[in-house]
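Chain residues, written in single-letter form:
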Amino acid sequence: IVLPIFTHWRVPEVVQTWRERGNFLKYDNVVFDIHYYHNFSKIWNLLSHQQHVDVVRSHALELKSIPGAVVGEWSISRPGQFTDEDQADFALKQVLAYNHASHGWFFWNWHDHDFYPDWDLERGVFQKGKLPNPLGAPELQGFLHPEWEDRTGELPSQVSGMWPKLMGWAGTAQGLMQQLWPT
């Protein structure tokens, strides 16, 4: 059973509700489908490359904290001008973060339009060298935080830094605005 959360800022709300209803760890055939995009809000324009990576680190913690999760969609698209090296680093950090999901991850699209290279895994990511093709053991089996997987490190209660906190707050504010003023 796949329960869609889609927008990542709703994860704490959904997990809390799931826990309050006594469902947390009750079912072994349920996963939450989470979509991680660094787009679709003007706040993403404010972030540097490192701040985007900090938010990706918070995604890793979120995924490791949920007993059943799949990253149903992600891409390397984000507003702003970034170097090819930054984009390659961003792609790799996301792969390693999303490997923390118990049920894997899916890139947005294998092959998209020519004018959307950051949404196109084949031409925009693999052919441009932003990730190795094929993905090797370091990408497929690695983690952004290996210490969380081998149980030598304890999960932090949150990822430090202003931007992961701000993005959570911004998502909550956006959700509240949608409830108050539906379109």
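See the structure above.
Residues numbered from 1 in each chain as written. Predicted model: local features only at pLDDT ≥ 70, side-chain atom pairs only at ≥ 80, totals over all residues. Heavy atoms only, no water.

Caption draft 1: Spatial organisation of the side chain of Gln 87. Structurally, Gln 87 can be placed in helix α3 (residues 84-98). Classification of Gln 87 as buried rests on a relative accessible area of 5%. For Gln 87, the side chain forms a polar contact with the side chain of Asp 118, separated by 3.5 Å. With residues up to four places along the chain from it excluded, the contact list for Gln 87 reads Ile 76, Arg 78, Phe 82, Asp 118 and Lys 130. (Helix = DSSP H or I, 4+ residues; strand = E, 2+ residues; numbered from the N terminus. Buried < 20%, exposed > 50% of the residue type's maximum accessible area, 1.4 Å probe, protein only. Polar contact = N/O pair within 3.5 Å; in protein donor to acceptor, adjacent residues only side chain to side chain. Contact = heavy atoms within 4.5 Å.)

Caption draft 2: Fine view of the side chain of His 8. The residue His 8 is located in the loop between β1 (2-7) and α1 (11-20) in this model. Classification of His 8 by relative accessible area gives buried; the value is 8%. Dropping the residues within four chain positions of it, His 8 is found in contact with Ile 34, His 35, Tyr 36, Tyr 37, Trp 44, His 59 and Glu 62.

Caption draft 3: Representation of the packing of helix α2 (residues 49-65) against α3 in the model. α3 packs onto α2 with a crossing angle of 10 degrees between their chain directions and a minimal axis gap of 9 Å. Here α2 is positioned roughly parallel relative to α3, judged by the angle of their axes. For the pair α2 and α3, the contacting residues are His 49, His 52, Val 53, Val 56, His 59, Ala 60 and Leu 63 in the first and Asp 86, Asp 89, Phe 90, Lys 93, Gln 94, Ala 97 and Tyr 98 in the second. (Axes fitted to C-alpha atoms, helices over the stretch in contact; angles between N-to-C directions. Parallel < 35°, antiparallel > 145°, perpendicular 65-115°, else oblique.)

Caption draft 4: Quick look at the pattern of salt bridges. Under the criterion given, the structure shown has five salt bridges. The structure contains a network of salt bridges with shared partners spanning Asp 114, Asp 120 and Arg 123. (Salt bridge = Lys/Arg side-chain N within 4 Å of Asp/Glu carboxyl O.)

Caption draft 5: Representation of the nonpolar core in the model. Ile 34, Leu 63, Val 71, Trp 74, Tyr 98 and Trp 105 are the most contacted members of the largest nonpolar core, which totals 35 residues. Looking at this core, the elements with two or more residues in it are α1, β2 (31-36), α2, β3 (69-74), α3 and α4 (121-126). Tallying contributions element by element places α3 first for this core, with six residues. Once residues within four sequence positions are removed from consideration, Trp 105 is found in contact with Val 70, Val 71, Trp 74, Val 95, Tyr 98, Asn 99 and Leu 135. (Core = buried A, V, L, I, M, F, W, Y, C linked by side-chain atoms within 4.5 Å.)

Caption draft 6: Looking closely at the environment of Tyr 98. When you line up the elements, Tyr 98 lands in helix α3. Setting aside residues up to four positions removed in sequence, Tyr 98 forms contacts with Tyr 36, His 59, Leu 63, Val 71, Trp 74, Gly 104 and Trp 105. Of note is the side chain of Tyr 98, whose polar atom sits 3.4 Å from the side chain of His 59.

Caption draft 7: Spatial organisation of unusual backbone geometry. Of the consecutive residues Asn 133 and Pro 134, the connecting peptide bond is found in the cis state with omega at 0 degrees. Along the chain, Pro 134 turns up in the loop between α4 and α5 (137-141). Despite not being glycine, Phe 40 shows a phi value in the positive range, around 70 degrees. You can call Phe 40 exposed: its relative accessible area is 61%.

Caption draft 8: Looking closely at the sheet that holds β3. Read from one edge of the open sheet, three strands run β1-β2-β3, paired in parallel fashion. In the strand order of this sheet, the two ends are held by β1 and β3, each with one partner. Across the sheet, the axes of successive neighbouring strands diverge by a mean angle of 25 degrees, strand direction being ignored. Both β1 and β2 contribute to a ladder of five bridges, which runs parallel. In the sheet register, Pro 4 faces β2, and the bridge partner there is Asp 33. Across the sheet, α1 lies against β1 and β2, angled at about 150 degrees from β1, the strand it touches most. (Pairing = 2+ DSSP bridges.)

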